Protein chains: 2
Amino acid sequence: MKAKITLKDIARELEVSISTVSKALKNSEEISRDTKEKIQAFAKLYNYKPNNIAISLKNKRTKNIGVVIPAIVHHFFTTVIRGIEKYANAKGYNVIVCLSEESFDKEVINMEMLANGSIDGFIMSLSSETQQKEDYNHLKEVTEQGIPVVLFDRITNEVDCDKVIIDDQLGAYLATKKLIGQGRKKIALITTDDYLSVSKARTEGYRKALSESDLDVDESRILKLSSMEMDEKSIGDFFDANEVDAVLCVNEIFTVFSMRLVQEKGLSIPEDISFIGFTDGLLSKYANPSLTVVAQHGEKMGEISAQMLIDKVESENEEETFHTKILEPTLVVRDSTIN
Amino acid sequence: MKAKITLKDIARELEVSISTVSKALKNSEEISRDTKEKIQAFAKLYNYKPNNIAISLKNKRTKNIGVVIPAIVHHFFTTVIRGIEKYANAKGYNVIVCLSEESFDKEVINMEMLANGSIDGFIMSLSSETQQKEDYNHLKEVTEQGIPVVLFDRITNEVDCDKVIIDDQLGAYLATKKLIGQGRKKIALITTDDYLSVSKARTEGYRKALSESDLDVDESRILKLSSMEMDEKSIGDFFDANEVDAVLCVNEIFTVFSMRLVQEKGLSIPEDISFIGFTDGLLSKYANPSLTVVAQHGEKMGEISAQMLIDKVESENEEETFHTKILEPTLVVRDSTIN
DNA sequence: AGATCAAACGAAAACGGTTTCGTGTTAATA
DNA sequence: TATTAACACGAAACCGTTTTCGTTTGATCT
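Everything in this summary refers to the structure shown in the same document. What you see is a predicted model, and the numbers here were worked out from it, not measured in a lab.

For the rest of this paragraph, the subject is the protein's contact with DNA strand C. In the neighbourhood of DNA strand C, 28 residues make up the surrounding shell, with Lys58(A), Thr20(B), Lys23(B), Glu30(B) and Thr35(B) lying closest. At 3.3 Å, a side-chain N or O of Lys23(A) approaches a base oxygen of DNA strand C. Between a phosphate oxygen of DNA strand C and a side-chain N or O atom of Lys60(B), the distance comes to 2.6 Å. Secondary structure elements with two or more residues in the surface near DNA strand C: helix H1 (7–14), helix H2 (18–25) and helix H4 (52–59) of chain A together with helix H2 (18–25) and helix H4 (52–59) of chain B. The biggest single contributor to the surface near DNA strand C is H2(A), with four residues.

This is the structure:
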């Protein structure tokens, strides 16, 4: 086991000072050709690599960015991470991922762990519990300390920071319009509770599209499922109680789950009833029939978040201007709607 | 913007030395009650939190663990990360995730970035390119430096370190046996190239089950698809050319994709043909019909990996004994096989 | 009163780098 | 020949902790 070699080791071995070694390895003009070559050769030979921690301490820069998300076993978040990684790595940054598991407390703990020097900035999406409690003090504390934060997807206006979202309202609007354009009149919406910022916006888009087309919004056609877990019964009852010819769901799972129930009732998709979901994941691609969805462009979202964060981290000036980048969702048409 | 407060700040403000502050905050017996109370109160008031980087430098321990995986947009890896996070966080560790994207070079670069002090140990699954090239020098260098490594799922025997895998051969064996037990005789295998350690083991399990039941292994019934991308044609041709009554696939996507093609040919599942896949992900649960699969228990795998790594990191003794933990796969029976 | 000891605190080294500011040597200039 | 400037290098401070090893002070003992 050969331990890592340090500047001090090189200095001792070559009988020069530590400063000389440091400068030589940075190719400083201060050091003579001879000395530089000797030191560089020695460093190469012993595979010297500077200690990141020491550099971090000196520079007060870790080149780490903290990503705090509610869950990772979700296609959307997974693509966002991928986008973040892609941009961050290219810029020489590492990504520390923490999961809040939709819990407010875990979100707070994770942020506190990271905020004490481990990272240069945060990229986050709020846990559902946080959005429910509307308690954003942990975020405010961090920003007040001068640590840059970028919020994506599940955001809040209570915190002054950069934000990246897709236009969820527009997404739902486009999807609903599409269904209306295909002659659907009794369009249901299956969503989560309104405290999730994204669900709220999607519901608004749905309503907007309907009223624009002079279709009245029948509240009984809106099903709100609490949390991510859905039970067969509530969805089943919903379809028994309401006659619908199209359904917009706020995620993939609601969509495939509902489709299955409807198919079991003997309806055929998309002839009798159309479905549109959110998130362009594996499920959408491989469901039977494949899903028409509102694509959220998670990877792009991740890249942009990383870019905004790193820009802030590396910018000298302390200007306190924050931007909100709104991405356009796109409709990916597959077989769960009439072509 | 209130900047972080340091020991030095407290010392200056309270007119004591830095050492006194440090000891007082650790409740050292060396410091008098009065002084401790004064310092602790002050620290609380100004919300003092020690700087992680400084502590890391001092202790030569970062409390970070590096996770290098081939991809993140895969249910299996995603569950492993979750397991790692769960255990690591409970132990006060953070998780730095790096993606190799199945590329050898990226794997090497990521490891080098992290190996210079950023982490206390690695948890990894090899990229396909690495397994193809059979070049493990980057791993060997790291272990030689005394940095603990735990390899999971896609492993190699070339490197001395702890390993966690599921018994892939057994998984395939059980699945194949199950199909045979249901009277299937012409069982196909859809897999990837053999350089992936897991695919190789699965193929062996498949062969073993067949020969044990005196069914001869018809090589034409084994389809090897290169990489993760499959094309409709090669799979279609395969089913045209071979009459099969059951299929074992090495992942979810191959399974649903093949099922679709077979369904389009007018066969019904599981009456005419059965399917079993690997990985118990969302696709399996929501496919139509839902998939019978070999569950890999990714979360458990992650937890065990994290545990093995942290044990090594925190163990004082330098004993060089490595263990390989083999998890038992289980068959999750759903609707793509006869019940 | 002088020696001894414990209590309470501070100085300084250490972790591994970077960087500023000397300083000694040599060569060019007046 | 005395002055000066450039060159090549080293000393030391610094980043924020921890920790060892003094040192001071007052009390106790003889």
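Our next topic: the interface of chain A and chain B. Taken together, the contacts link 56 residues of chain A with 56 residues of chain B. A buried area of about 5000 Å², summed over both sides, lies between chain A and chain B, and 57% of it is on carbon and sulfur atoms. Of all residues in chain A, the largest losses of buried area upon contact with chain B belong to Ile53(A), Asn116(A) and Tyr286(A), amounting jointly to 14% of the total for that side. The tally of links from chain A across to chain B stands at four salt bridges. We note a salt bridge from Glu144(B) to Lys2(A), for which the minimum N-O separation is 4.0 Å. Where chain A touches chain B, the interface holds 20 residue pairs in polar contact (both at pLDDT 80 or more). Put simply, the parts of the chain that give the side of chain A that touches chain B at least two residues each are H4, helix H5 (75–90), strand S2 (94–99), helix H6 (104–115), helix H8 (137–144), helix H12 (252–264) and helix H13 (282–286) of chain A. Examining the composition of the side of chain A that touches chain B, we find that seven residues originate from one element, H5(A), more than from any other. Examined bridge by bridge, S2(A) and strand S2 (residues 94–99) of chain B share three bridges and lie antiparallel to one another. Residue pairing across strands places Ile96(A) opposite Ile96(B), the latter belonging to S2(B).

Our focus in this paragraph is the environment of Phe104(B). Residue and element names in this part refer to chain B. Along the chain, Phe104 falls in helix H6 (residues 104–115). Sequence separation of Phe104 and Glu320 is 216 residues, and the distance between their C-alpha atoms is 27 Å. Phe104 has contacts with Ser127, Glu129, Thr130, Lys133, Asp135 and His138, leaving out every residue within four places of it along the chain.

So, about the packing of aromatic side chains. All names here are of chain A. Taken as a whole and judged by the stated rule, the model has 10 aromatic pairs over all chains. Seen in terms of ring centroids, Phe42 and Tyr46 are 4.6 Å apart; in terms of plane orientation they differ by 35°. Their pairing is tilted. What makes Phe42 buried here is its relative accessible area of 15%. Among the aromatic residues, those joined into a ring-pair cluster are Phe76, Phe77 and Phe152. A cation sits over an aromatic face here: Arg202 above Phe278, 4.0 Å from the ring centre. Of note, Lys208 hangs over the ring of Tyr173, and the distance from its end group to the ring centre comes to 4.8 Å.

Neighbouring residues of DNA strand D: 28 residues in total, closest Thr20(A), Lys23(A), Glu30(A), Thr35(A) and Lys60(A). Interatomic distance of 2.5 Å between a side-chain N/O atom of Thr35(A) and a phosphate oxygen of DNA strand D. Of the residues forming the surface near DNA strand D, the biggest block, four residues, is contributed by H2(B). Here the residues of the surface near DNA strand D are counted per class, giving nine nonpolar, nine polar and 10 charged.

In this section: H5(A). Residue and element names in this part refer to chain A. End to end, H5 covers 23 Å across 16 residues, agreeing with the expected 22 Å (1.5 Å per residue, within 8%). All of the buried residues in H5 are Phe76, Phe77, Thr78, Thr79, Val80, Ile81, Gly83, Ile84, Glu85, Tyr87 and Ala88. Positioned one or two residues after H5, Gly92 has a phi angle of 85°, which is positive.

This part covers the sheet that holds strand S11 (residues 324–327) of chain A. One open sheet holds the 12 strands; their spatial order is S11(A)-S5(A)-S4(A)-S3(A)-S1(A)-S2(A)-S2(B)-S1(B)-S3(B)-S4(B)-S5(B)-S11(B), and the pairing between them is mixed. With partners counted over all chains shown, the strands left at the sheet margins are S11 of chain A together with strand S11 (324–327) of chain B, one partner each. Neighbouring strand axes in the sheet, compared pairwise and without regard to direction, differ in orientation by 20° on average. Two strands pair when backbone bridges link them, and strand S1 (residues 64–69) of chain A and strand S3 (residues 121–124) of chain A are joined in this way by four bridges, in the parallel orientation.

Counting 69 residues, the largest nonpolar core has Ile190(A), Phe239(A), Val247(A), Ile190(B), Phe239(B) and Val247(B) as the members making the most contacts within it. Setting aside its immediate chain neighbours within four residues, Phe239(A) contacts Ile190(A), Val244(A), Val247(A), Ser258(A), Val262(A), Lys265(A), Ile273(A) and Phe275(A).

Time to look at the pattern of salt bridges. Under the criterion given, the structure shown has 38 salt bridges over all chains. Between Arg12(A) and Glu13(A) there is a salt bridge, with the nearest N and O atoms lying 3.5 Å from each other. When the shortest N-O distance is used, the salt bridge between Glu30(A) and Lys23(A) registers 3.4 Å. For Lys23(A), a relative accessible area of 30% puts it in the partly exposed group. Through salt bridges with shared partners, a single network forms among Arg82(A), Lys86(A), Glu299(A), Glu303(A) and Glu101(B).

Moving on to the packing of H1(A) against helix H3 (residues 33–45) of chain A. All names here are of chain A. Viewed as axis vectors pointing N to C, H1 and H3 meet at an angle of 125°, and their least axial separation amounts to 11 Å. In terms of axis orientation, H1 runs oblique to H3. With respect to the hand of their crossing, H1 and H3 are arranged in right-handed fashion. In this structure, H1 contributes Ile10, Glu13 and Leu14 to the contact, and H3 contributes Lys38, Ile39, Phe42 and Ala43.

About the cut-offs
Residues numbered from 1 in each chain as written. Chains lettered and ligands numbered in written order. Predicted model: local features only at pLDDT ≥ 70, side-chain atom pairs only at ≥ 80, totals over all residues. Heavy atoms only, no water. Near = heavy atom within 4 Å. Polar contact = N/O pair within 3.5 Å; in protein donor to acceptor, adjacent residues only side chain to side chain. Helix = DSSP H or I, 4+ residues; strand = E, 2+ residues; numbered from the N terminus. Contact = heavy atoms within 4.5 Å. Buried area = accessible area lost by both parts, 1.4 Å probe. Salt bridge = Lys/Arg side-chain N within 4 Å of Asp/Glu carboxyl O. Pairing = 2+ DSSP bridges. Phe/Tyr/Trp six-rings, centres within 6.5 Å; stacked < 30°, edge-to-face > 60°. Buried < 20%, exposed > 50% of the residue type's maximum accessible area, 1.4 Å probe, protein only. Lys NZ or Arg CZ within 6 Å of the ring centre and 35° of its normal. Nonpolar A, V, L, I, M, F, W, Y, C, P; charged D, E, K, R; others polar. Expected span 1.5 Å × (residues − 1). Axes fitted to C-alpha atoms, helices over the stretch in contact; angles between N-to-C directions. Core = buried A, V, L, I, M, F, W, Y, C linked by side-chain atoms within 4.5 Å. Parallel < 35°, antiparallel > 145°, perpendicular 65-115°, else oblique. Left-handed = near helix turned anticlockwise from the far one by under 90°.

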